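Read off the chains here:
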Amino acid sequence: MSSQLAKDQLGEMCVVCGQSKFKGIHLYTSFICTECEKSIISTDTSDPQYKYYIKQLKKINTPEIYS
Ligand SMILES: [Zn+2]
């Protein structure tokens, strides 16, 4: 309940830029803001910046396991 209130006030933290944004997409359990989504799409795969995005996105596919 309180976390939902926090979301409404602060937005959600983008996994790529690490900033709280209101607009974006959800990928699995993570959030990517609209700006980063556009940046990823418009970045050429040979661009070094693209590797950074992929690195950030890989965090999404490797959830922490508590066992
Ligand atoms: Zn972002």
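Residues numbered from 1 in each chain as written. Predicted model: local features only at pLDDT ≥ 70, side-chain atom pairs only at ≥ 80, totals over all residues. Heavy atoms only, no water.

**Some words on the pattern of salt bridges**
Right, on to step 1. In this structure the tally under the stated criterion is 1 salt bridge.
Right, on to step 2. Of the charged contacts in the structure, one is a salt bridge between K21 and E35, with a shortest N-O distance of 3.0 Å. Here K21 is found in strand β2 (residues 20-21), whereas its partner E35 is found in helix α2 (residues 34-42), with 14 residues between them in sequence.
Right, on to step 3. The exposure class assigned to E35 is partly exposed, which follows from its relative accessible area of 46%. (Salt bridge = Lys/Arg side-chain N within 4 Å of Asp/Glu carboxyl O. Helix = DSSP H or I, 4+ residues; strand = E, 2+ residues; numbered from the N terminus. Buried < 20%, exposed > 50% of the residue type's maximum accessible area, 1.4 Å probe, protein only.)

**Here we look at the side chain of Q56**
Right, on to step 1. Following the sequence through the fold, Q56 ends up in helix α3 (residues 48-61).
Right, on to step 2. Polar side-chain contacts of Q56 include one of 3.0 Å to the backbone oxygen of V15.
Right, on to step 3. Discounting chain neighbours no more than four positions away, the residues touching Q56 are V15 and V16. (Polar contact = N/O pair within 3.5 Å; in protein donor to acceptor, adjacent residues only side chain to side chain. Contact = heavy atoms within 4.5 Å.)

**Let's talk about the environment of L27**
Right, on to step 1. As for its placement among the helices and strands, L27 is situated in strand β3 (residues 24-27).
Right, on to step 2. Put simply, L27 and L57 are 30 residues apart on the chain and 9.2 Å apart in space, counted from C-alpha to C-alpha.
Right, on to step 3. Setting aside chain neighbours within four positions, we find L27 in contact with I32, L57 and I60.

**Overview of the coordination of the zinc ion**
Right, on to step 1. Protein ligation of the zinc ion involves C14 (SG), C17 (SG), C33 (SG) and C36 (SG), the donor distances falling in the range 2.3 Å.
Right, on to step 2. Angles of 102 to 117° at the metal separate the 4 donor atoms of the zinc ion, which places the site in the tetrahedral class.
Right, on to step 3. The sequence pattern describing where the donors of the zinc ion fall on their chain is C-x2-C-x15-C-x2-C.
Right, on to step 4. C33 sits in the buried class, given a relative accessible area of 0%. (Donors = N, O, S within 2.8 Å, 3.2 Å for Na, K, Ca; no water. Tetrahedral: all angles 85-135°; square planar, octahedral: opposite > 155°, others 65-115°.)

**Some remarks on unusual backbone geometry**
Residues apart from glycine generally show negative phi values, whereas peptide bonds are mostly found in trans.
Right, on to step 1. One non-glycine residue, Y28, adopts positive backbone phi at about 55°.
Right, on to step 2. Residue placement: Y28 occurs in the loop between β3 and β4 (30-33).
Right, on to step 3. Assessed through its relative accessible area of 65%, Y28 is described here as exposed.

**What to know about the pairing of β3**
Along a regular strand, successive side chains alternate from one face of the sheet to the other.
Right, on to step 1. Taken together, the 4 bridges between β3 and β4 define a ladder with antiparallel strand orientation. The residue bridging I25 from the neighbouring strand is I32, located in β4.
Right, on to step 2. Between β3 and β4, which follow one another and run antiparallel, lie 2 residues, and Y28 among them has a positive phi close to 55°. (Pairing = 2+ DSSP bridges.)

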